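Examining the three-dimensional arrangement
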Amino acid sequence: MQQDINASDKKSDSGNVENKFTASELANILIDAKIKLPRLVSHYAKEMDIEYENVFIKAQKTRWGSCSDRGNINLNCLLTQVPPYVRRYVIVHELAHRKEMNHSERFWKIVADEMPDYQKSVRWLKKHGDSIIDRL
Ligand SMILES: [Zn+2]
């Protein structure tokens, strides 16, 4: 079972090829993300007093992050391309799934305890998330 922050599943038909990341841009984003994101996960996990197994970073069109029931945190490398508070929200969200594998009230309370203004990030992802994912 996985709990995810999915990207919108509306079909991307923008066809804006000029806006796509080039292979070398994407390679650099991945390298950067594999250095930065696991550090941030470690930092927020300590703040939240939550344990996890591993962090996996991928370039994927389908989701921003997920948490497996084995305790692995999966993050989209494009989180390096969003504002810091949005990046933090996705990590906090996935870490919160280590305590609640659902989106119950208790789950959202864990997120809100760490990040009271998390809804700002939810709104940002709804508004801008697809335009970044579509660059893959
Ligand atoms: Zn979730």
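Located above this text is the structure these notes cover.
What this report covers is the structure whose coordinates are included nearby. Please read all numbers here as calculations on a predicted model, not as lab measurements. (Residues numbered from 1 in each chain as written. Predicted model: local features only at pLDDT ≥ 70, side-chain atom pairs only at ≥ 80, totals over all residues.)

**Comments concerning the overall build of the protein**
Within the protein one finds four helices and four strands. In the protein, the succession of α and β elements from N to C terminus is β-α-β-β-β-α-α-α. Dimensions of the protein along its principal axes, counting C-alpha atoms only, are 45 × 25 × 25 Å. Split into buried and exposed, the 136 residues of the protein put 26% on the buried side. Across the protein, the fraction of contacts at a sequence separation of at least 24, relative to all contacts at a separation of at least 6, is 65%. (Helix = DSSP H or I, 4+ residues; strand = E, 2+ residues; numbered from the N terminus. Buried ≥ 20, exposed ≤ 12 C-beta atoms within 10 Å, placed from the backbone. Contact = placed C-beta atoms within 7 Å.)

**What to know about helix α4 (residues 118-133)**
Of all the bends in α4, the greatest measures close to 45° and is centred on Lys-127. Those residues of α4 that sit buried are Tyr-118, Ser-121, Gly-129 and Ile-133. In this fold, the buried residues of α4 make contact with β3 (63-68), α2 (84-96) and α3 (105-114). (Bend = angle between axes of the 7 residues up to and from the residue.)

**Observations regarding the nonpolar core**
Core analysis: the biggest nonpolar cluster contains 27 residues, and Leu-79, Val-90 and Val-92 have the highest contact counts within it. Looking at this core, the elements with two or more residues in it are α1 (23-48), β3, β4 (73-76), α2, α3 and α4. No other element matches the seven residues that α2 contributes to this core. With sequence-adjacent residues up to four places away left out, Val-92 is seen in contact with Tyr-44, Val-111, Glu-114 and Met-115. (Core = buried A, V, L, I, M, F, W, Y, C linked by C-beta atoms within 7 Å.)

So yeah, pure geometry; function would need other evidence.
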